[in-house]
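Each chain is listed here by its residues.
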Amino acid sequence: MTDLSEFVRELPKAELHVHVEGTLEPETMFELARRNRVPLPYTSPAEVRRAYRFSKLQDFLDLYYAGQQVLRTEEDFFALADAYLRRVQADGVRRVEMFFDPQAHTGRGVPLGAVMAGLQRAVDAAAERSLSVGLILCFLRHLSEREAFETLEAAEPFRDRILGVGLDSSEAGHPPARFKRVFEAARELGLRLVAHAGEEGPPEYVWQALDVLGVERVDHGNRALEDAALVERLRRDRIPLTVCPLSNLELGVVPDLAAHPLKRMLELGLLATVNSDDPAYFGGYLAENYLRTAAALDLSPEDLRTLARNSLQASFAPPAEGETA
Ligand code: ADE
Ligand code: ZN
């Protein structure tokens, strides 16, 4: 292990943008497919990895939702989340705010209770090891507002175990404003609000996430840099951006990591954080995102410390936990 790798792994930090379904490694996909008797269109984990060549978000989402069909039982969701949480804890992560997509599972007949029970068990096991975890329920933006409302209602029995709501899936053509009323209802339940915006979608979607949905953090936010007034708003209000460099590279949001806007975001005074998004698909967990971005953008140890500190500040953890950096 290099010195920088050790330095990054020892930095106290939070991961604020990770989809639990995006931590499904091909080996686990095969194991669960066998256990649950789900046919796969691949003959080996290596073949799955070879299929992971994406040129845009939708290419990825098509394979991503197909792969998730192997997740069926409470035990599957527990095993998935538990493996991820153990792995990132070993990389110095102190706090995780983890997305999950109920509609990707209920839509194929998996009860929400099974998803929640499995995830909650993994969260409780992490707490026993002093890793703090919050769950963020995401609405799929390619589905309707009515379906989002049905999902929020179905989740009410689990209200105490849910930190917030988010918005994910295909961005282009699915503006945040369509979900105004369901985000209002979530806020009335006391849930924290975040949304993916500005990954592929225009700066206008980031404005809508802020001004129509009232989000407290923007997931990705890359394209906000195209709009100087928006940059000023994000800077002035200290709105965190949960940036995902390796995801951006693999989905063609940036042509190469050297062109990634992360360093510029820091120079502009934005509260940028580094995250892994869907690490099983994009070639690296949180520490690799720090390290590969540092190499490509020539980030200093001080920059890395700032990014780690930003992540704890941007988290929704109670203040005592956020101050441990
Ligand atoms: N779901 C999982 N990863 C996503 C991403 N990067 N953008 C939108 N939806 C997602
Ligand atoms: Zn994401």
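Shown above is the structure to which this text applies.
Residues numbered from 1 in each chain as written. Chains lettered and ligands numbered in written order. Predicted model: local features only at pLDDT ≥ 70, side-chain atom pairs only at ≥ 80, totals over all residues. Heavy atoms only, no water.

A. Seen up close, the coordination of the zinc ion (ligand 2). Each protein donor to the zinc ion (ligand 2) is listed here as His17 (NE2), His19 (NE2), His196 (NE2) and Asp277 (OD); together their distances run 2.1 to 2.2 Å. Taken together, the four donor atoms coordinating the zinc ion (ligand 2) and their angles of 83 to 173 degrees define a geometry best described as irregular. All donors to the zinc ion (ligand 2) come from one chain, and their sequence spacing reads H-x1-H-x176-H-x80-D. Of this pair, histidine 17 sits in strand 1 (residues 13-19) while histidine 196 sits in strand 5 (residues 192-197), and the two are 179 residues apart along the sequence. Each of the two residues, histidine 17 as well as histidine 196, counts as buried. (Donors = N, O, S within 2.8 Å, 3.2 Å for Na, K, Ca; no water. Tetrahedral: all angles 85-135°; square planar, octahedral: opposite > 155°, others 65-115°. Helix = DSSP H or I, 4+ residues; strand = E, 2+ residues; numbered from the N terminus. Buried < 20%, exposed > 50% of the residue type's maximum accessible area, 1.4 Å probe, protein only.)

B. Focus on the pairing of strand 4 (residues 164-168). Where burial is concerned, most of strand 4 is hidden: five out of the five residues are buried. As paired elements, strand 3 (residues 132-140) and strand 4 share five bridges and run parallel to each other. Following the sheet pairing, leucine 140 is matched in strand 4 by aspartate 168. A crossover connection joins strand 3 to the parallel strand 4 through helix 8 (residues 145-155); in handedness this β-α-β unit is right-handed. Between the parallel elements strand 4 and strand 5, the chain passes through helix 9 (residues 180-188) in a crossover that is right-handed. (Pairing = 2+ DSSP bridges. Right-handed = clockwise from strand over helix to strand, strands pointing away.)

C. Summary view of the packing of helix 1 (residues 3-10) against helix 15 (residues 286-297). Relative orientation of the contacting elements helix 1 and helix 15 amounts to 135 degrees, with a least axis distance of 10 Å. What the angle tells us is that helix 1 and helix 15 run oblique. Here helix 1 and helix 15 pass one another in a crossing that is right-handed. Only Ala287, Glu288, Tyr290, Leu291 and Ala294 of helix 15 make contact with helix 1, whose side of the interface consists of Leu4, Ser5, Val8 and Arg9. (Axes fitted to C-alpha atoms, helices over the stretch in contact; angles between N-to-C directions. Parallel < 35°, antiparallel > 145°, perpendicular 65-115°, else oblique. Left-handed = near helix turned anticlockwise from the far one by under 90°. Contact = heavy atoms within 4.5 Å.)

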